Amino acid sequence: MIKIAPNKPCPCYSGKKYKKCCRPLHQGQKIDDPVRLMRSRYSAYVLYNMDYIVNTMHPESKHLTDTPEWRAGITLFAETTDFNGLEILDSELSLDDINTGWVTFHAILANGDDDTSYVERSLFKKEDGQWLYLHADPLEDT
Ligand SMILES: [Zn+2]
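No experiment lies behind these values; they were computed from the predicted model shown.

Observations regarding the overall build of the chain
The helix and strand tally for the chain stands at 5 helices and 5 strands. Helices and strands in the chain line up, N terminus first, as α-α-α-α-α-β-β-β-β-β. Over its C-alpha atoms the chain spans a radius of gyration of 15 Å, differing by no more than 12% from the 14 Å that the globule rule assigns to 142 residues. The principal-axis extents of the C-alpha atoms in the chain amount to approximately 40 × 35 × 35 Å. Approximately 8,100 Å² of the chain is accessible, and the part contributed by carbon and sulfur atoms is 50%. Positive and negative charge centroids in the chain, built from 16 and 22 side chains respectively, lie 14 Å apart.

Re the coordination of the zinc ion
At this site the zinc ion is bound by C10 (SG), C12 (SG), C21 (SG) and C22 (SG), with donor distances of 2.2 to 2.3 Å. With 4 donor atoms in place around the zinc ion and angles of 104 to 113 degrees between them, the coordination shape is tetrahedral. Sequence spacing of the donor residues for the zinc ion, all on one chain, is C-x1-C-x8-C-C. Pair noted here: C10 is in the segment before α1 (23-26) and C22 is in the segment before α1, with a separation of 12 residues, a long-range link. Side by side, C10 and C22 carry an identical accessibility label, which is buried.

Regarding the pairing of strand β4 (residues 118-127)
Put simply, side chains in a regular strand alternate between the two faces of the sheet. Bridging between strand β2 (residues 100-111) and β4 involves 8 bridges; their strand directions are antiparallel. Considered in β4, the bridge of F105 is made with E120. As defined by bridge partners, β4 adjoins strand β5 (residues 130-137) across 7 bridges and the pair is classed as antiparallel. Residue pairing for β5: L123 is matched across the bridge by H135. Where β4 folds back onto β5 in an antiparallel hairpin, the turn is made up of 2 residues, including D128, whose phi is positive at roughly 50 degrees.

The rules behind these values
- Residues numbered from 1 in each chain as written.
- Predicted model: local features only at pLDDT ≥ 70, side-chain atom pairs only at ≥ 80, totals over all residues.
- Heavy atoms only, no water.
- Helix = DSSP H or I, 4+ residues; strand = E, 2+ residues; numbered from the N terminus.
- Rg over C-alpha atoms; globule rule 2.2 N^0.38 Å.
- Areas by Shrake-Rupley, 256 points an atom, 1.4 Å probe, with all protein chains shown as cover.
- Lys, Arg positive; Asp, Glu negative; His and termini not counted.
- Charge placed at Lys NZ, Arg CZ, Asp CG, Glu CD.
- Donors = N, O, S within 2.8 Å, 3.2 Å for Na, K, Ca; no water.
- Tetrahedral: all angles 85-135°; square planar, octahedral: opposite > 155°, others 65-115°.
- Buried < 20%, exposed > 50% of the residue type's maximum accessible area, 1.4 Å probe, protein only.
- Pairing = 2+ DSSP bridges.

Structure below.
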């Protein structure tokens, strides 16, 4: 895990200081909004905070991912990736279920000279007042 000074810009590219952005979440504050969760997971990758990545998985997905192999995979991903930016493109809550929400984002990434940026629509669910990441949803064709 990388340590970052609280007054440094947040690694999620919000433009805020880390202490005013993702740090409280990384320290265990409840996450009241799927966009904030999304941002804090991005910055957790930047900081190699793999415990946070695992702990913010919804129980439905966590059992699939909290294995040594999976951790090794995301750790390698974090170590070999340059995290160059994050744009939140869209976010919405389900009309049927206020405990379900989506965030569509553009992660600006590079692996050496290769642009590995991607757009993902992530599904989030709330459990006991805490938003958690479920999985990526297929992007709708527009
Ligand atoms: Zn942040």
